[in-house]
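# Observations on chain architecture
Single-letter residue listing:
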Amino acid sequence: GQQVMQIPQYQHVQEGEDFTTYCNSSTTLSNIQWYKQRPGGHPVFLIQLVKSGEVKKQKRLTFQFGEAKKNSSLHITATQTTDVGTYFCAGASGSKLTFGTGTRLQVTL
Amino acid sequence: NAGVTQTPKFQVLKTGQSMTLQCAQDMNHEYMSWYRQDPGMGLRLIHYSVGAGITDQGEVPNGYNVSRSTTEDFPLRLLSAAPSQTSVYFCASSTRNRNQPQHFGDGTRLSIL
């Protein structure tokens, strides 16, 4: 079945440093979605990428979808303490949506 | 709009007890689903529904039942609780189908003793 791997599992950065999480699918995706879950909270949808090679930005967050539509990345520039949480990718293939295991980001001053 | 509402927020059960986790959405979404979240395992799909009267199994359906009598409500029933079902349960909804962006409820934190 479809598998979505996400790395790293955990990242600890100093405030102001950059952060990147990577998502890789075993199958070609129709779209990929990114979610953020604050500690004790629920996943919140951030963005959806559909096109091969697509790049989208939301303020300090940059999302990329690979040319082969099998991988994606989320890059945060100059992290802030408000960025703390777990970031999940979710890959859509056919009628299935498979979540990655998430990357937990810790930001310290 | 309230979005997706889950009740209760916390629950402790004894092994063998049964209970129903409630989920309601007011966005007129056709697709609803239940996930469980365990440390290091991401979100795993338990059951889903593509519309009133239609349900289907996800990745980890054993020990759980669902029904969808209305568009708004999608309750999850634990038939005979087991410690392995200790988890955080999220209900989610979306327009049209499963591979569209999901709106999650706040979750139910369930402990089985």
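The preceding data block contains the structure.
Analysis parameters
Residues numbered from 1 in each chain as written. Chains lettered and ligands numbered in written order. Predicted model: local features only at pLDDT ≥ 70, side-chain atom pairs only at ≥ 80, totals over all residues. Heavy atoms only, no water. Buried < 20%, exposed > 50% of the residue type's maximum accessible area, 1.4 Å probe, protein only. Helix = DSSP H or I, 4+ residues; strand = E, 2+ residues; numbered from the N terminus. Pairing = 2+ DSSP bridges. Contact = heavy atoms within 4.5 Å. Buried area = accessible area lost by both parts, 1.4 Å probe. Salt bridge = Lys/Arg side-chain N within 4 Å of Asp/Glu carboxyl O. Polar contact = N/O pair within 3.5 Å; in protein donor to acceptor, adjacent residues only side chain to side chain. Nonpolar A, V, L, I, M, F, W, Y, C, P; charged D, E, K, R; others polar. Axes fitted to C-alpha atoms, helices over the stretch in contact; angles between N-to-C directions.

### Remarks on the pairing of strand 7 (residues 61-65) of chain A
All names here are of chain A. Of all 5 residues making up strand 7, 4 are buried, and the element is well covered by its neighbours. The sheet contact formed by strand 6 (residues 55-58) and strand 7 spans 4 bridges and is antiparallel. Bridged to Q58 within strand 7 is L61. Counting the residues in the hairpin turn of strand 6 and strand 7 gives 2 residues, including K59, whose phi is positive at 55 degrees. By the bridge criterion, 5 bridges tie strand 7 to strand 8 (residues 71-76) in an arrangement that is antiparallel. When the sheet's bridge partners are listed, Q64 is paired in strand 8 with S73. Between strand 7 and strand 8, which pair antiparallel and follow one another directly, the connecting turn spans 5 residues, one of which, K69, has a positive phi of 60 degrees.

### Describing the interface of chain B and chain A
Residue-level contacts link 16 residues of chain B with 20 residues of chain A. Here chain B and chain A share an interface that buries about 1,400 Å² over both sides, 53% of which is from carbon and sulfur atoms. Linking chain B to chain A there are 0 salt bridges. Where chain B packs against chain A, one counts 7 residue pairs in polar contact (both at pLDDT 80 or more). Its residues placed into classes, the side of chain B that touches chain A shows 6 nonpolar, 7 polar and 3 charged.

### Topic: the sheet that holds strand 3 (residues 19-25) of chain A
Residue and element names in this part refer to chain A. Taken in spatial order, the 5 strands line up as 1-3-8-7-6 in an open sheet, and their pairing is antiparallel. In this open sheet, the two strands that pair with only one neighbour each are strand 1 (4-7) and strand 6. Strand-to-strand twist of the sheet, defined as the mean angle between neighbouring strand axes without regard to direction, takes the value 15 degrees.

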